[in-house]
Amino acid sequence: LFKHFSQRAEVLQAFKQVQLLVSEHDVENYKQIKTDLDQLRLTVEKSELWVEKSSGYGSEDIGDGQTKDQIHEEAGILSPVQDGNKKPQIDSNKANNYKIVKEILNRLSSLCYTSKKSRVQQQRLLKNMGAHTVVLDLLQIPYEKTDEKMNEIMNLAHGFLQNFCRGNHQNQALLHKHLNLFLTPGLLEAETMRNIFMNNYHLCNEISDRVVHHFVHCIETHGRHVKYLRFLQTIVKADGKYVKKCQDKVMTELVGGGEDVLVFYNDRTSFPVLLQMMSSERERTDENGPLAYHNSLVELLAACTEGKNVYTELKCNSLLPLDDIVNVVTHPDCIPEVKMAYVNFVNHCYVDTEVEMKEIYTSNHIWKLFENFLVDMARVCNTTTDRKHADTMLEKYVIETVMAIVKGFFSSQFSVNNSNLQTHQPIFIQLLQSAFRIYNCSWITSLQKTNIEGCLKTLVDVARNRSIAIPVDLDSHVNTVFLNTHSSMVQRAAKGWRLSARSSPRREPLGVPDYKNIIEKLQGVVASLEEQFSPMVQAEFSVLVDVLHSPELLFPEEVKVYLESGDFMSKLIKHTKKLMEKEEKLCIKILQTLQEMLDKKEPSEELGTVLRKILLTRYFGSPRIHSKVDFGSGSSSSSGNYSKTSSGGGSSAQDIDKGATSLTDIQCLLDSVGASELVIDLIVSTKNDRIFQESILLGIALLKGGNTQIQNSFYHQLHEQKKSEKFFKVFYDRMKLAQQEIRSTVSVNTYDLSCKKKDDDGDVTATRQKKNEKDSVLHLKDEMKGQLKEATSATSKAYCLFRKEIDPDIDLIGQGSDGGVSEDTSDEETLISPAIAIMEPILRFLQLLCENHNRDLQNFLRNQNNKTNYNLVCETLQFLDCICGSTTGGLGLLGLYINERNVDLVKQTLETITEYCQGPCHENQTCIAKHESNGIDIIIALIVNPINPLGKYRIDLVLELKNNASKLLLAIMESRHDSENAEKILYKMRPNELVGVMKDAYIQGLENENEEDSWGDQILPKDVGHNMYILAHQLARHNKILQQSLKPGSDSDTEGDEALKYYAKHTAQIEIVRHDRTMEQIVFPVPNICEYLTEESKIRVFNTTERDDQGSKVNDFFQQTEDLYNEMKWQKKIRNNPPLFWFSRHISLWGSISFNLAVLVNLAVALFYPFGDDGDEGTLPPLVSILLWVAVAVCTAMLFILPKPGGIRPFLVSIIMRSIYTLGLGPTLILIGAANLLNKIVFLVSFVGNRGTFTRGYKAVIMDMAFLYHVTYVIVCMLGLFVHEFFYSFLLFDLVYREETLLNVIKSVTRNGRSIILTAVLALILVYLFSIVG
């Protein structure tokens, strides 16, 4: 089933594996390899026919036709090039088979010898054709150890494997899978192992203790062979980086091996032996003799201490004391090889160290060594000019090792004390002179010159700083050297640039196919194919998911009943457990499919959707069903993916949609067929990291959204089926492993610090400028950075090439290659190792187990009541402690440990620990607060300390960290009635720091206010500050100083005051009563949007919220929250529309105006109706008329003198009275009516503006009674204006709507309306009965 639905994925995979044979030569190689491998395969399979055994066998002509055919067929499937019809034959003559195998192995090995470019090609070709598997089979042939020919073949086989994986990480990884074959005492195997691990940082880092132990054990039991030590040297240092973990492992094993392994000639009896060996010519040339072993051992110890590793430095100090080293090195018979090893050891173990080794700076030992160096330097300078007889070892020792230690010693940060230097001043000056003499030797290469220059520069600087007098002529010579080197470097670089600019478009010679171009084109084809195929692969996958969802749709009606009960899925899940051992890939595929069922992704592109439809029609038949199954876009299937009819008692998912309800349905459905059990079983028993990861991810998908049913299912299985011990042990071990990994690979990113420091000054000025300017400044900077980066990499590459030309065998480990490391290796470095990376999903899984305050699981993670208890709560805290680098005791340097790579992991750890405590789970809170690690310190440090350099360029990540840390501290104190935890936190935190950080966050928030949109979904600095304020508010109950500093005005700082006022205003609290009748205060931030709630709404909610049967208003209030929230959002929106906002803001004013006008209009109608029936209308006695005019004037004056609403009504009344007698009653009523209508329309606009009525859809508008009421009011106004004045009388009913008391009176009748009506009906019935009786 799975193969069927991954055809396109397989095609794509096959295309990626294709290797093009570009030239004729490649095709020849291919044919040759193919025939060789066929022959070799057959010969190996029939080994018993030709490998000589001590006892003879019977007939040798066993029919082998069948196997030959079979092999050839297999090869035929693989091979695109058929070479006639030759079948490999096995030679009947035994001796010839030896020869054939030897020839084949020699040919295969020689392919890997060519230049680097084609070597990689050939290695890949051999890998694709499976050469290594055949040779590995060959190694497993049993043979007599005395059989010389067979030993020779084994030699060649190992030689091939060594060449096969040399410098090729993929091939190394392939052979690494067969490590057990090579874990034998043989020296050949040791050499092959060395090649498998050579320069492969990843493999060295992952090496198991077993391998290291095996080699040390071999030395103990099988003799002291240099090859064993060579292997150990290889794994301690890879790609020029020191593998700290391996250094520790090797050191521990060596010390454990004791005297069989650690051979030092440093006591009285053995020292002469060492001297005798050094003076014997034979011993010096014997590469596997005791002298070479001793030398390699000292080199290995030096390699173990390289890169400042405290643990190994201290161990080595005790193994090889300085006195003994000085005795050996200063002895006249000592040879350069031994000196080199010993002096290198002194450099790494005593000079270039993490902690100061007092002995070397105070004692005389190092100066004795320096005197000895002077002798050797003189010998090097005085050698003959004839280079043929030069002592190259001595030269190498003087120019590399000696210069390195002199430079290291004088430039060390624990620098040598003055008195010591003054007493040995002559030696110091002689060192400078000798170095200068060597520098001027004619035979020195430019690479060696740079070494000596570095040393000279250090010596001169020391002399200047310590005011040591240097002879004048020497001083001037040295200065000219520095000037010359500087100018020559500049010239060389300039020349390099010119050359590279001139020779960039290099053409291949004619007729030779352009290898690189062709390969790149092929990669281009594969890439575009992948682009085309990926939506289709996704579509195939999504159809497979649908098939698993409803397998019954594939079958005729009568079979459906069996399938619908979910049997198919439960069988599949059971099968997955069995696949775990053998078919790992398929197991992973099924786990991914189950995750996909829980988290559907729709095919994004057109191609995918089309293919999906075709497949659905093909498998599910009629388009009717197909439309159900499809994730339609739009109305065709808006109801969801598809519905599944439920039958019998089978669990079924109704309408599986991407909504929340459906997700929980699918989760429960999968759980019922055993998915959670599968997760537990796989986690407990899998050895494969990838399966483990996918199982965790499936667990996360099952628990997503805090599904309580799944949590209980996990709990039930772990608790009642007793699986918890093994299950939690896995997590416990993983956490321990991750902590070990972090400790051994802790990388302090001081590099970031130095880079970012330089950018700082620029950035500070940039932020102050306007935004558009800022952009341009930064763009320019990025461009410059890019150019500089290119320039540096070009220079360093050129430098590497230059060094290579001089000395092709040199190991490019020095500064040159560090700069020139290609981009991809730096990417590798930045990845966190898998052991640490897996922690993020693990912690997320543990968080989801406790989600929604699941008390049982919170306690269960702490204590399982088993024989061995795994406290994951403490372990998670320990992990946080470890990842934030507290093991090194530098809490102030948090920023050095937290970087972009691991910040998500730190965040997840904080969230998980928060989830352990929330709810509140008092036991977990106590457990975290009282744990002996630095957990609480770290959480406080995360809040209080600046996290630089990350904070300089990813402030959003730092804010999230601070936010999560403050939430965690709140969770630790949540609902505590004792002050224990709070006091513990206060004990470790200075109150003022917390307040300071909070104010900074507020100020930063103000600066970024204008850019609020650009923050998008990210957390705002103000919100982080607010969380800290709430934390401080909670802590302040237990601390007077903190309480004081939270009051505004306690500080002279105005901006800080503003922050405190802002937070105090936006923080509220409620009291809640818990089940056990304890009352508790909950403090919460009031979101900014709440400011937009209008007064009218507040009053309305306050007055109109109904009580329920228990007399509580909570239910009704919560039903209104949605509307209130929408209103707030709308209010925020209309701030952008000033006129509408102005109208809306004065809604109560419009309301009161319209009521007043209604009253006035009705008064006019009541007093003067009917109009114009008596003749004296419009005529007034002059006195009254004058009084009216005076009244108008007085009211107008009052309007200006008293600017209260009180002045408006008399003014209106007087104006209306005057106009009735001036204009006449009719026109006045028309004016007032028109004013009222206009005002009511304005009111309606502002009402809509306030409530955002139309944004909620027309249905909501029709249902909104208040809106309908106001529309009716407008209609009545229009009727009054255009039809008849009496309609105005209805407007007085507005009083009922406006006044709460009247409304209640009406409600008292309407609420019991049904009973009143029924009473009336009863009265009618009674009257009717009476009338009948009457």
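Analysis parameters
- Residues numbered from 1 in each chain as written.
- Predicted model: local features only at pLDDT ≥ 70, side-chain atom pairs only at ≥ 80, totals over all residues.
- Heavy atoms only, no water.
- Phe/Tyr/Trp six-rings, centres within 6.5 Å; stacked < 30°, edge-to-face > 60°.
- Helix = DSSP H or I, 4+ residues; strand = E, 2+ residues; numbered from the N terminus.
- Buried < 20%, exposed > 50% of the residue type's maximum accessible area, 1.4 Å probe, protein only.
- Polar contact = N/O pair within 3.5 Å; in protein donor to acceptor, adjacent residues only side chain to side chain.
- Contact = heavy atoms within 4.5 Å.
- Axes fitted to C-alpha atoms, helices over the stretch in contact; angles between N-to-C directions.
- Parallel < 35°, antiparallel > 145°, perpendicular 65-115°, else oblique.
- Left-handed = near helix turned anticlockwise from the far one by under 90°.
- Nonpolar A, V, L, I, M, F, W, Y, C, P; charged D, E, K, R; others polar.

Asker: What is the right way to look at the packing of aromatic side chains in this model?
Answerer: The geometry of two aromatic rings is summed up by the distance between their centres and the angle between their planes. For the coordinates displayed, the defined rule picks out 29 aromatic pairs. When the centroid spacing of 5.3 Å and the interplanar angle of 85° are considered together, the rings of Trp 367 and Phe 370 count as edge-to-face. With a gap of three residues between them, Trp 367 and Phe 370 both fall in helix H23 (residues 365–381), about one helical turn apart. Judged on exposure class, the residue Trp 367 and its partner Phe 370 are both buried. Between the aromatic rings of Phe 727 and Phe 731, the centroid separation amounts to 5.0 Å while the plane-to-plane angle is 85°, which identifies the pairing as edge-to-face.

Asker: Just to check I follow, could you spell out the side chain of Gln 858 for this structure?
Answerer: Checked against the element boundaries, Gln 858 lands in helix H46 (residues 855–862). Gln 858 gets classed as buried once you look at its relative accessible area, which sits at 0%. Among the polar contacts listed, one links the side chain of Gln 858 to the backbone oxygen of Glu 915, at a separation of 2.8 Å. Residues in contact with Gln 858, not counting those within four places in the same chain, are Cys 850, His 853, Glu 915, Tyr 916, Cys 917, Gln 918, Cys 921 and Asn 924.

Asker: Which parts of the structure should I look at to understand the environment of Glu 395?
Answerer: By the secondary structure assignment, Glu 395 is in helix H24 (residues 392–410). Along the sequence, Glu 395 and Ile 438 sit 43 residues apart, while their C-alpha atoms lie 9.8 Å from each other.

Asker: Explain the environment of Gln 592 here, please?
Answerer: Position of Gln 592 relative to the elements: it lies in helix H32 (residues 584–598). Separated by 51 residues in sequence, Gln 592 and Phe 541 place their C-alpha atoms 9.9 Å apart. Once you skip the residues sitting within four places of it in the chain, Gln 592 turns out to touch Phe 541, Arg 690 and Glu 694. For Gln 592, the side chain forms a polar contact with the side chain of Glu 694, separated by 3.4 Å.

Asker: For this particular structure, what's the right way to read the packing of helix H36 (residues 675–685) against helix H39 (residues 724–744)?
Answerer: Describing two packed helices takes the angle between their axes plus the distance from one axis to the other. Here H36 crosses H39 at 60°, and the two axes come no closer than 9 Å. Taken as axis vectors, H36 and H39 run oblique relative to one another. Judged by the sense of rotation from one axis to the other, the crossing of H36 with H39 is left-handed. Contacts between H36 and H39 involve Ile 680, Ile 683 and Val 684 from the first element and Lys 726, Phe 727, Val 730 and Phe 731 from the second. In terms of residue class, the contact of H36 with H39 is built from six nonpolar, no polar and one charged.

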